[in-house]
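Structural overview
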Amino acid sequence: MKVLKFGGTSVGSPERIEQLLPIIRSQAADKHLVVLSAVSGTTNDLVKLSELYESKDIDAAYKHIDVLYEKYKKFVNELFKTEKGISEALAFIDKIFDLFYQFKNKNFTPDAERIILAQGEIISTTLFHLHLKEKEISSVLLSALDFMLIDEDKEPDIDFIRKHAGLEIVKYPEETLFITQGYICRNAQGEIDNLQRGGSDYTASLLGAALQADEIQIWTDIDGFHNNDPRYVQNTRSIARLSFDEAAELSYFGAKILHPQSVFPARKYNVPVRLLDTMNPGAAGTLISGETTNQKQIVAIAAKDGITAIRIQSSRMLMAYGFLRKVFEVFERYRTPIDMITTSEVAVSLTIDQTDYLSEIVRELEVFSAVETDNEQSIICIVGDFRKENHGYATIVSEAVKHIPIRMISYGGSENNISLLVPSVYKIEALRSLHNRLF
Ligand code: ADP
Ligand code: ASP
Ligand code: MG
């Protein structure tokens, strides 16, 4: 079994959809589970629609739905070749759009928003399934809502996923091609939910891990994992191989090509992940596996925005023992993860990216310390082989960013990461300058 995930641009137009089947069929595997994202732009459109409903701007919401409807009507007319195929696909699209119009009279709650957001992947997978049917190619469309489950802490329940996805697949012993939605799931209350933006990668990794696939393939619009963010830096290049640890650090710290959590299931169950380019299917891409091949070198740089730094100064002269425990307990109470941390004799600085409870956290910290916060910061994460015998890299890194104000530096937390915190306005300059020095 192979899991193949195709992202938004890979299903972004009828021509692109036509290109998927040869890619899927060229693989030597008995069974394929194809995970699809929404057509590119659709999830953003659905976020916008939810915002319009929430602000009770029904006219604008309806206009927005009309524009999206026209887009899908055109899509269907181009993708399907027979009258029967077109009418079946349009009947399905009409049903989805009827649903969108129905939210007019409702009090717009967060679960209504999640239902709307889920339709993007439901549309793309159903259209793909109907497209195959029109071509008389057998496939089974599985609803991710039957097996993708998250718990109260939004953690995926991998045992449930294994059992229930497995049960669906064994119902069709003769079938080789299965299709399901990325991104969407059910939560502990049984409601429709999602795995956060970009979550289709996470779906693919969870399914690949749960079903012990031979390989998880992430098909996207670039020829693999690049050594820096190609949206901001020129002359980046694709990396042939990454270890799970390297890929986990880079995606967690902002490399958009992979959802931040998506490496963890594959790493835990040791299923290799291949990043491949739909527009250039012959390109080697990047293989992520348990092997470490990038020794004695710097591998890649990534950046994560939207970071808040908090400096917490002990109200005693020196940091007494128990101080850090009290600090961490505050973050634990508000279920707020800490990303970076540095300490001195009298103070500790740390970063968070979830700021929902920031004011409560600050209020509680102020009971026993002086607190300062800085928002609009970015973490620059440099991944490489930083074992202690490979000295000298810290100097090269700091030399590259000597003209940039650095708020925090973290080195030695793991053997493969150096992180810097800079005000977000300096992010691009930091990425470029590091790229020029390091590669
Ligand atoms: P998909 O819709 O297929 O999930 P994404 O847009 O989520 O695709 O991810 C692919 C994009 O990620 C690329 O087009 C590229 O602009 C961006 N990206 C950011 N950092 C990297 C990186 N280190 N390597 C490759 N692509 C990156
Ligand atoms: N469609 C979702 C998004 O745009 C999930 C994904 O594409 O991975 O965020
Ligand atoms: Mg993505």
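A brief report on the enclosed structure follows.

Reading the values: rules and limits
- Residues numbered from 1 in each chain as written.
- Chains lettered and ligands numbered in written order.
- Predicted model: local features only at pLDDT ≥ 70, side-chain atom pairs only at ≥ 80, totals over all residues.
- Heavy atoms only, no water.
- Near = heavy atom within 4 Å.
- Polar contact = N/O pair within 3.5 Å; in protein donor to acceptor, adjacent residues only side chain to side chain.
- Areas by Shrake-Rupley, 256 points an atom, 1.4 Å probe, with all protein chains shown as cover.
- Nonpolar A, V, L, I, M, F, W, Y, C, P; charged D, E, K, R; others polar.
- Phe/Tyr/Trp six-rings, centres within 6.5 Å; stacked < 30°, edge-to-face > 60°.
- Helix = DSSP H or I, 4+ residues; strand = E, 2+ residues; numbered from the N terminus.
- Buried < 20%, exposed > 50% of the residue type's maximum accessible area, 1.4 Å probe, protein only.
- 1 Å grid on protein atoms, 1.4 Å probe; cavity = no way out; pocket = protein on both sides within 12 Å on 5 of 7 lines; lining within 4 Å.
- Points joined across faces, edges and corners; volume = space filled by probe spheres on them.
- Patch = residues over 30% accessible without salt bridge, like charges linked within 9 Å, V, L, I, M, F, W, Y side chains within 5 Å.
- Salt bridge = Lys/Arg side-chain N within 4 Å of Asp/Glu carboxyl O.

1. A word on the site of ligand 2
Surrounding ligand 2, one finds Ser-37, Ala-38, Thr-43, Glu-121, Tyr-183, Arg-197, Gly-198, Gly-199 and Ser-200. Within the side chain of Glu-121, one N or O atom sits 2.7 Å away from a nitrogen atom of ligand 2. A distance of 3.0 Å separates an oxygen atom of ligand 2 from a polar backbone atom of Ser-200. Contact with the protein chains removes 86% of the 260 Å² of surface that ligand 2 exposes when unbound. Per-class residue counts for the shell around ligand 2 are two nonpolar, five polar and two charged.

2. Some thoughts on the packing of aromatic side chains
Going through the model one piece at a time under the given rule, you end up with 15 aromatic pairs. With a centroid separation of 5.6 Å and 20 degrees between ring planes, the pair formed by Tyr-53 and Phe-108 is classed as stacked. In this pair, Tyr-53 is assigned in helix α2 (residues 42-54) and Phe-108 in the loop between α4 (83-102) and α5 (110-134), connecting sequence segments 55 residues apart. Given the relative accessible area of 2%, Tyr-53 is considered buried.

3. Describing empty space enclosed by the protein
Under the criterion given, the structure shown has one cavity of 30 Å³ or more. Taken as a whole, the largest cavity encloses approximately 40 Å³ of empty space. Every residue along the wall of the largest cavity is listed here: Asp-201, Ser-205, Ile-216, Ile-218, Leu-258, Ser-262, Val-263 and Val-273. Breaking the lining of the largest cavity down by element, the ones donating at least two residues are α7 (200-210) and β7 (215-220). Looking at side-chain class alone, the lining of the largest cavity contains five nonpolar, two polar and one charged residues.

4. Quick look at a nonpolar patch on the surface
On the surface, a cluster of nonpolar side chains totalling about 220 Å² of accessible area is made up of Leu-324, Phe-328 and Ile-341. If you trace the backbone, Ile-341 turns up in strand β12 (residues 341-343). The exposure class of Ile-341 is partly exposed, given its relative accessible area of 33%.

5. Quick look at the site of ligand 1
Surrounding ligand 1, one finds 15 residues, the nearest of these being Lys-5, Thr-220, Asp-221, His-226 and Lys-256. Between ligand 1 and the protein, one listed contact pairs an oxygen atom with a side-chain N or O atom of Lys-256 at 2.7 Å.

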